[in-house]
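Residue-level structural notes
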Amino acid sequence: AVNLEHPGPHLQLLRGGGLLLTTGVNLPEDDAGLSAYVADLDAAGAAGVARLVHVSSVGVYGAPPGSGAVDESFVHSPTDPYERSKAAGEAQVREACALAGIELVIMRPANVIGLMPGGGMPLRGLILAIGRGLFTWFGPAGQPWLNYVHVDDTAAAIVDAAENARAGEAYN
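Definitions and limits used
- Residues numbered from 1 in each chain as written.
- Predicted model: local features only at pLDDT ≥ 70, side-chain atom pairs only at ≥ 80, totals over all residues.
- Heavy atoms only, no water.
- Helix = DSSP H or I, 4+ residues; strand = E, 2+ residues; numbered from the N terminus.
- Buried < 20%, exposed > 50% of the residue type's maximum accessible area, 1.4 Å probe, protein only.
- Contact = heavy atoms within 4.5 Å.
- Areas by Shrake-Rupley, 256 points an atom, 1.4 Å probe, with all protein chains shown as cover.
- pLDDT = per-residue confidence, 0-100.
- Expected span 1.5 Å × (residues − 1).
- Arc of directions from axis to C-beta.
- Salt bridge = Lys/Arg side-chain N within 4 Å of Asp/Glu carboxyl O.
- Core = buried A, V, L, I, M, F, W, Y, C linked by side-chain atoms within 4.5 Å.

It is worth spelling out the overall build of the chain at this point. Tallying secondary structure elements over the chain gives four helices and six strands in all. Each helix and strand of the chain, placed in order from N terminus to C terminus, yields the pattern β-α-β-α-β-β-α-β-α-β. Every one of the 172 residues in the chain was classed for burial, and the buried ones make up 33%. Taking contacts inside the chain between residues at least 6 apart in sequence as the whole, the part at least 24 apart equals 75%. When the accessible surface of the chain is summed, it comes to about 9800 Å², and 57% of that surface belongs to carbon and sulfur atoms.

On average, residues of the chain carry a pLDDT of 75, and 63% of them reach 70 or more. Across residues 1-5 the pLDDT falls below 50, and counting only partners more than four positions away or on other chains, this stretch makes eleven contacts in the model.

This part covers helix α4 (residues 151-164). Between its first and last C-alpha, α4 extends 20 Å over 14 residues, near the 20 Å set by a 1.5 Å rise per residue. Listed as buried for α4 are T154, I158, A161 and A162. In a view along the axis of α4, the buried residues occupy a sector of 100 degrees, so they form one face of it. More than 90 degrees from the buried face of α4, the exposed residues found are D152, E163 and N164.

Going through the model one piece at a time under the given rule, you end up with three salt bridges. Between R51 and E103 there is a salt bridge, with its nearest N and O atoms 2.6 Å apart. Of this pair, R51 sits in strand β2 (residues 51-55) while E103 sits in strand β3 (residues 103-107), placing them 52 residues apart in sequence. Judged by its relative accessible area of 12%, R51 falls in the buried class. Residue E103 is classed as partly exposed on the basis of its relative accessible area of 38%.

So, about the environment of H54. In this fold, H54 is placed in strand β2. Its relative accessible area of 1% is what places H54 among the buried residues. For the pair H54 and G89, spaced 35 residues apart in sequence, the C-alpha separation works out to 9.5 Å.

What follows covers the nonpolar core. Grouped together as the largest cluster of nonpolar side chains are 13 residues, with contacts concentrated most on L20, L41, L52, V93, C97, I102 and L104. At the level of secondary structure, the elements contributing two or more residues to this core comprise α1 (31-46), α2 (81-100) and β3. With residues near it in sequence (within four places) discarded, L52 still touches L20, T22, L41, V93, C97, I102, E103, L104 and V105. Grouped together as the second largest cluster of nonpolar side chains are eight residues, V53, A161, A162 and A165 included.

Written out as structure tokens, the structure is:
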């Protein structure tokens, strides 16, 4: 794994590699960090990376409760710092990949859940919160606005995107 926020000598590992996976940029207060991340994409292109799968978030849409199904054609209207950072990251990564000659595929998973070694059980926590009355409304039937996807399914989708997705597209 290469941390492109602080790549150091790790970019040498990419030399001649065909694929780079990044787990997004979440630096709402750190424009310098985002700039360094984007600059490193140019170095990745020079090292021979041909394709980048950039994992972002459905947060780029800023969809409020009651929006119904949100697909890739939904208008981007990020409202909070997290959503704005994801949208800004996507825009800058698109531009950097175009300049570096790297094919780009963007993945936008929803709320990813799964067991974390040494951590809690997110789904159990959600169920307990519902039981305590902390989550009592999820919107009208047939109009989902809060979706969860298991980490294993997210990983499988990323692998599929790396191998099969059309360059230049984003997938929820």
